[in-house]
Amino acid sequence: MKSFYPLFGAATLALMSGSALSAELYLNTFLGSNPLKDLEVELDGRLLGTTDANGAVSGELKEGAHVLRVLEKRVPLTEYRFELAPGQSADLSLTFTDFAQPPAANIEKYDPATAAQGAPGLIEGTVSDGEGKPLAGAVVHIEPANLETVTDESGRFSLQAPRGIYELSIRADGYQTVSTTGLRVAAGVGTAMNATLNPEAVQEIGGGSSSGKGADGVEEIVVTGSYKPRSTPAGIERFSVAVTDAISVEELVRAGDTDVAASLRRLVGVSVTGGRYAVVRGLDGRYIAATLNGNLLPSTDPFRRDVQLDLFPSDILGGIEVQKSFSADMPGDTTGGIIKIATRDIPDQYVNRLSVSGGFVSGVTGKGLVRYRGGDGDEIGYDDGIRELPGDVDSATNGGLNFRLCQVEGQTGCVSQVEAARLASLLPNIYKVKEEKAAPKFGAAYSLGNSFDLDIGRVGVYGVATYDNSNASRQDASVDNVTTRSTYQRDTFNTALTGYLVAGIESVDGWTATSKTLFLHDSEDNTTFESGFDKNEDNNFDRILLEWIERQLISQQLLASVPLFDTHKLDLHASISQTTRMSPDRRTYNYLGGSLVVSSVERSYSDLTEDAIDAGVDYTLPIEISDSVNSNIKFGGLYDTRDRNNDLVRLGLRTGNRSADLTQDVEELLSFENFANDSFRLRGTSTLTDTYVAEQETAAGYLSTETNIGESFTVVAGARQDNFKQSLSFPNDTTSAVSLKSNELLPSLGTIYRYGDDLQVRANYAMTVSRPNITELAPSRFFDDKGREHVGCPTCTASTIDNYDLRVEYYFSREDSISFALFYKDITNPLERSVADGSGSATNALTFRNNEGATVKGVELDGNKSFLFAEAHQLSLGANVSFIESKIELDDVGRRLESNDSRKLQGQSPFLANMRIGYDHFPTSQKATLVINYFDDRIDIVARAPQAPIFEAGRATVNLTYEKEFANLSKLSFRIENLLDAKVKFVQADKTIESWSNGIEFTLGYSYNF
């Protein structure tokens, strides 16, 4: 008997209960042997319906001549004409090999009153026991045809049956019998299914969407999958009205990507900095928007407006798109692009899956990493309160703003020496670092969900919970810059928790409603020990940093789509979200020449909370202008409001009236006794602008039209009115409040010309806007995550950008394509991180300034192609390259400080390249994927002349993944990341000033479907 594996690519039919309708058309659509879902089917000018997960749709029809049209997103795929005699029904199958040629059509006409007439259909499958072993000798029986067959030694069976609707049962000696009803067999079409028989446990049977029950009547369904055309990356890119690149969840998992940031860098023209921030077409976060299921995302970074993309694990993702050209229904700051993150929807079938993984990193796992004494909750990512700022200290220091020691008895507005020592002792005396062996990385995920066909429609629910922990270390790390020559260890313990729940309804009337609840929590425990030579002080030093960071996102989203007046559609989305970033008790201190530098001891407590409400509405109205011209008019609005509170308390030390031996151990020096005897005194080091409150409001409305002229030409035109308000105030400094208002009308125009079914050309123009983020406007000092001092710019204004795009796309097939793109962006008043204009210590600070102008231009080439060998092997190749050139014309101050008239934009690489090689062996369900990524040198930070800018040197990364799926649907995976382990290097004037390596990461995973 033929192998069962190809049946996974065969169609599974719609399974229907009850008897067949008279005068019915039953249509199946296929690409090769794969069913095509979500195709629109018109019969005689009216909508018959859309194909389901099995590529099928049915409906009543009358005698006579008929015209059937199949479309995808209103783009015609084929037209088929047929005629029926009075009382006849028909089974019709349309099989596409590609979309350049008409599909092969097979129609079987029959009298519904005659059961066995015309070509039969085929039921094939495999039966296994509870351990996944093939079960020979099982009897497969269908009624009312009274046909049966027996499984062979491989557990496989094949049974021909006349068209009709059947009950199928499987029995074997010593096993419970399982059965399924409503199994539809259509003429000339195969149905694939599999079943598991256990002596005692609940049974499983699958095929189409029927209900398989064991003797106890409990449903356990295993369905052999469906093909979703518009969910594929090529389909998304092809049918989008804008220039778009996409990654499906299947590609994401196959490449071994663990989060959104890891996935994005594989798209053409996209790179990632710091492991979490996207750069699209040479433009960083200020020019990029991000949405989660259509709702704008708040940030967890107090210093940036863009989203930290490493927060979103692959377990919850449904797909990622990057729309690179602006359309009126997108946020106005979509300049480099908008990152559209979609989470998983309700499942097509029952899901009950447990996954576990473990791994190690070369040079890290089992090695001694520097750590410090933390709390009991560190292993699950929560500080247990050991790092919390004591309330008495907060009150006595006025939030770190001032702390005075009483000089005479009876003095007010100060604290006594005894009270000061008590307050200092409330801060845990934990400063020393120690070595701990790094444990292997570990991860676990559990997902559960199902969908049910009820009278109202399909109702489903799906949930997932994950836990991950890992260790990371900068290995062989060294610094050799203008001021420092040193080596250091920076070791990190990461923990991530995720919870996700989706529930939804897809009604029989066409409306949908979905609720998505998301919880993300991530913690980093960083310890840095640096030892070297300070060139300015001409002395040896030790620097220590102890830092705990918790990031969290909680979001509740509601989404709905309602068809109105037959052809209109109303889409609604709303979300309430909260992001937090806490860094309690961040400790730093230095030793110079073997002695503690008392002024370097600082403890800081930061807590950022941002609450966001986002709501939007989109209304689509199709208009038929003539037989060859139709238009979709779309209009809508967006309202987004955010309230941010950032609290920062900083405490330091100073020497008292009694001297101490500063060469002692830090914890011995900072003991209660030394505070009590006035060797050291607590002091507040907060500034008046460290704590701030910010509000941001965006209100926008848009109108766009998508006009199709014939089947070859589409014009997309629109305009968006974007009204933006932002205010920033400081509770401790009422004189420094700042605000920004921006109100722009943003036009867009795009055209798509299709040369036949395979070639299309896009051209777009749009105007967009980029605005300063909250802290960039603040007239205050702040330090980023690398300890670099920044000063805000309260006079900075919004930038406007003219965007031009041209892309040519050719589609070899539904999955295979090649594209060539050109883009050009002209930025007016570009806001860029710049050198501060100051003296003394301010010469090392950075600020933000509007410059005279900037341009970004580039070329992108992207291609994907698959090759099938002997129906058992598939080789898939994907590659893309980007050449990007940017130039910013500095303002007068910038030219003076940097001694240049112009330079590249920060974060922009002139060359990006990606390659993906995949291999599938279908008979054994094995697949392997090799992914290569390269980015060229890019400016990390600018510098004051005569120093040159600091570049992050380009490097390549190589990842390899392997998967093996077993008969019981469990899966084994193995992943190697950072195979080359290329050094991370920062270069200034052709000299490496900092470098380290991260090690090679090996991960073994196993998932089991219950």
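Keep in mind that what you see is a predicted model, and the values were worked out from it rather than measured. (Residues numbered from 1 in each chain as written. Predicted model: local features only at pLDDT ≥ 70, side-chain atom pairs only at ≥ 80, totals over all residues. Heavy atoms only, no water.)

## Observations concerning the overall build of the chain
Helices and strands together make up the secondary structure of the chain, namely 9 helices and 60 strands. The 1010 residues of the chain split such that 52% are buried. The long-range fraction of contacts in the chain, counting pairs at least 24 apart against all pairs at least 6 apart in sequence, stands at 67%. Counting only carbon and sulfur atoms, one obtains 53% of the accessible surface of the chain, whose full area is about 41,400 Å². (Helix = DSSP H or I, 4+ residues; strand = E, 2+ residues; numbered from the N terminus. Buried < 20%, exposed > 50% of the residue type's maximum accessible area, 1.4 Å probe, protein only. Contact = heavy atoms within 4.5 Å. Areas by Shrake-Rupley, 256 points an atom, 1.4 Å probe, with all protein chains shown as cover.)

## Brief notes about empty space enclosed by the protein
Within the structure shown, the criterion is met by 7 cavities of 30 Å³ or more. Roughly 470 Å³ of internal volume is contained in the largest cavity. Among the secondary structure elements, those contributing two or more residues to the lining of the largest cavity are strand E21 (277-280), strand E22 (288-292), strand E37 (629-655), strand E39 (692-709) and strand E40 (713-730). Classifying every residue of the lining of the largest cavity by side-chain character gives 16 nonpolar, 7 polar and 10 charged. The space that makes up the second largest cavity amounts to roughly 110 Å³. (1 Å grid on protein atoms, 1.4 Å probe; cavity = no way out; pocket = protein on both sides within 12 Å on 5 of 7 lines; lining within 4 Å. Points joined across faces, edges and corners; volume = space filled by probe spheres on them. Nonpolar A, V, L, I, M, F, W, Y, C, P; charged D, E, K, R; others polar.)

## What about the environment of Arg 156?
Examined against the element boundaries, Arg 156 turns out to sit in strand E13 (residues 156-161). By relative accessible area, which is 19% here, Arg 156 ends up buried. The spacing of Arg 156 and Val 127 is 29 residues in sequence and 6.3 Å in space, taken between C-alpha atoms.

## Topic: the sheet that holds strand E3 (residues 40-43)
Remark on secondary structure: sheet strands pair via backbone hydrogen bonds, oriented parallel or antiparallel. The strand order across the open sheet formed by 4 strands is E4-E3-E6-E7, and the pairing between neighbours is antiparallel. The open sheet has two edge strands with one neighbour each: strand E4 (46-50) and strand E7 (75-84). Each adjacent strand pair in this sheet contributes to an overall mean axis angle of 25°, direction not counted. Note: E3 against strand E6 (residues 64-72), 4 bridges, orientation antiparallel. (Pairing = 2+ DSSP bridges. Axes fitted to C-alpha atoms, helices over the stretch in contact; angles between N-to-C directions.)

## Some remarks on a nonpolar patch on the surface
Residues Leu 354, Val 356, Phe 442, Tyr 446, Leu 448, Tyr 962, Phe 966, Leu 972, Phe 974, Leu 1004, Tyr 1006 and Phe 1010 make up a contiguous nonpolar surface patch of about 990 Å² in total accessible area. Listed by contribution, the elements that provide at least two residues to the nonpolar patch are strand E26 (351-361), strand E29 (441-454), strand E57 (971-977) and strand E60 (1001-1009). If one sorts the elements of the nonpolar patch by residue count, E29 sits on top with 3 residues. Here Leu 448 is to be found in strand E29. On the basis of relative accessible area, Leu 448 is assigned to the partly exposed category, the value being 41%. (Patch = residues over 30% accessible without salt bridge, like charges linked within 9 Å, V, L, I, M, F, W, Y side chains within 5 Å. Salt bridge = Lys/Arg side-chain N within 4 Å of Asp/Glu carboxyl O.)

## Comments concerning the side chain of Asn 803
Tracing the sequence through the fold places Asn 803 in strand E45 (residues 799-811). Side-chain polar atoms of Asn 803 contact the side chain of Thr 768, separated by 3.0 Å. Residues in contact with Asn 803, not counting those within four places in the same chain, are Thr 335, Asn 764, Tyr 765, Ala 766, Met 767, Thr 768, Tyr 824 and Lys 825. (Polar contact = N/O pair within 3.5 Å; in protein donor to acceptor, adjacent residues only side chain to side chain.)

## With respect to the state of the cysteines
For the structure shown, the criterion picks out 2 disulfides. At a sulfur-sulfur separation of 2.0 Å, the disulfide partner of Cys 406 is Cys 414. Looking down the S-S bond of the Cys 406 and Cys 414 bridge, the torsion is 100°, so its handedness is right-handed. Cys 406 gets classed as partly exposed once you look at its relative accessible area, which sits at 21%. Accessibility expressed as a relative area gives 17% for Cys 414, which makes it buried. Sequential numbering of the bridged cysteines in the chain gives the disulfide pattern 1-2, 3-4. (Disulfide = S-S within 2.5 Å.)

## Structural notes on the confidence of the model for the chain
The predicted model of the chain averages 84 in pLDDT, with 89% of residues at 70 or higher. In the predicted structure, residues 1-21 sits below a pLDDT of 50 and forms 72 contacts with residues beyond four places in sequence or in another chain. Contacts of residues 201-231 to residues separated by more than four positions or lying in other chains number 109 contacts, the stretch itself having pLDDT below 50. (pLDDT = per-residue confidence, 0-100.)

## Side note on the side chain of Arg 490
Summarising the element assignment, Arg 490 is placed in strand E32 (residues 484-507). No salt bridge is formed by the buried Arg 490. Its closest oppositely charged neighbour is Glu 547, at 4.1 Å. Reaching out from Arg 490, the side chain makes a polar contact with the side chain of Thr 528 at a distance of 3.1 Å. Discounting chain neighbours no more than four positions away, the residues touching Arg 490 are Ala 472, Ser 473, Arg 474, Asn 526, Thr 527, Thr 528, Leu 545 and Glu 547. (Lys, Arg positive; Asp, Glu negative; His and termini not counted.)

## Examining the pattern of salt bridges
For the structure on display, the rule yields 53 salt bridges. Of the charged contacts in the structure, one is a salt bridge between Arg 281 and Asp 805, with a shortest N-O distance of 2.4 Å. With Arg 281 in the loop between E21 and E22 and Asp 805 in strand E45, this pair connects stretches of sequence that are 524 residues apart. Asp 805 shares its class with Arg 281; the two are buried. Among the salt bridges present, the one from Arg 938 reaches Glu 952, with a minimum N-O distance of 3.2 Å. Of the two residues, Arg 938 sits in strand E54 (residues 938-941) while Glu 952 sits in strand E55 (residues 950-952), which places them 14 residues apart along the sequence. Residues Arg 938 and Glu 952 agree in their burial class; the two are buried. Here the residues in one salt-bridge network are Arg 371, Asp 378, Asp 383, Arg 387, Lys 434, Glu 436 and Asp 525, joined through shared partners.

## A closer look at the pairing of E3
Both faces of E3 are covered, namely the face carrying Glu 40 and Glu 42 and the face carrying Val 41 and Leu 43. In the sheet, E3 pairs with E4 via 4 bridges, with the strands oriented antiparallel. Note on E4: the bridge partner recorded for Leu 43 is Arg 46. Remark: 2 residues form the turn of the hairpin made by E3 and E4, two consecutive strands paired antiparallel; Asp 44 in that turn has positive phi of roughly 55°.

## Considering the environment of Asn 998
With respect to the secondary-structure elements, Asn 998 resides in the loop between strand E59 (991-997) and E60. Along the backbone, Asn 998 and Ser 473 are 525 residues apart, and their C-alpha atoms lie at a distance of 6.2 Å. Not counting chain neighbours up to four residues away, the residues in contact with Asn 998 comprise Val 361, Val 364, Ser 473, Gln 475, Asn 978, Asp 981 and Val 984. In terms of polar contacts, Asn 998 uses its side chain to reach the side chain of Trp 996, at 3.2 Å.

## So, the packing of aromatic side chains
Centre distance and the angle of the planes are the two values used to describe a pair of aromatic rings. As enumerated under the stated definition, the model contains 16 aromatic pairs in all. Aromatic pair Phe 883 and Phe 911: ring centres 5.1 Å apart, planes at 40°, arrangement tilted. Separated by 28 residues along the polypeptide, Phe 883 in strand E50 (residues 873-889) and Phe 911 in strand E52 (residues 911-921) bring together distant segments of the chain. Between Arg 474 and the ring centre of Trp 996, over which it is positioned, the NZ or CZ distance is 3.7 Å. Here Arg 938 stacks its cationic end above the ring of Phe 935, 3.8 Å away from the centre of that ring. (Phe/Tyr/Trp six-rings, centres within 6.5 Å; stacked < 30°, edge-to-face > 60°. Lys NZ or Arg CZ within 6 Å of the ring centre and 35° of its normal.)

## Some words on unusual backbone geometry
Here the amide bond leading from Glu 143 into Pro 144 is cis, since omega sits at 15°, within 30 degrees of zero. Positionally, Pro 144 belongs in the loop between strand E11 (139-143) and strand E12 (147-150). A cis amide bond links Ala 945 with the next residue in sequence, Pro 946, at an omega value of 15°. Within the element layout of this structure, Pro 946 appears in the loop between E54 and E55. Residue Asp 38 is not a glycine yet carries a positive backbone phi of 70°. Mapped onto the secondary structure, Asp 38 falls in the loop between strand E2 (34-35) and E3. Judged by its relative accessible area of 28%, Asp 38 falls in the partly exposed class. Unlike most non-glycine residues, Asp 990 shows phi in positive territory, near 65°.

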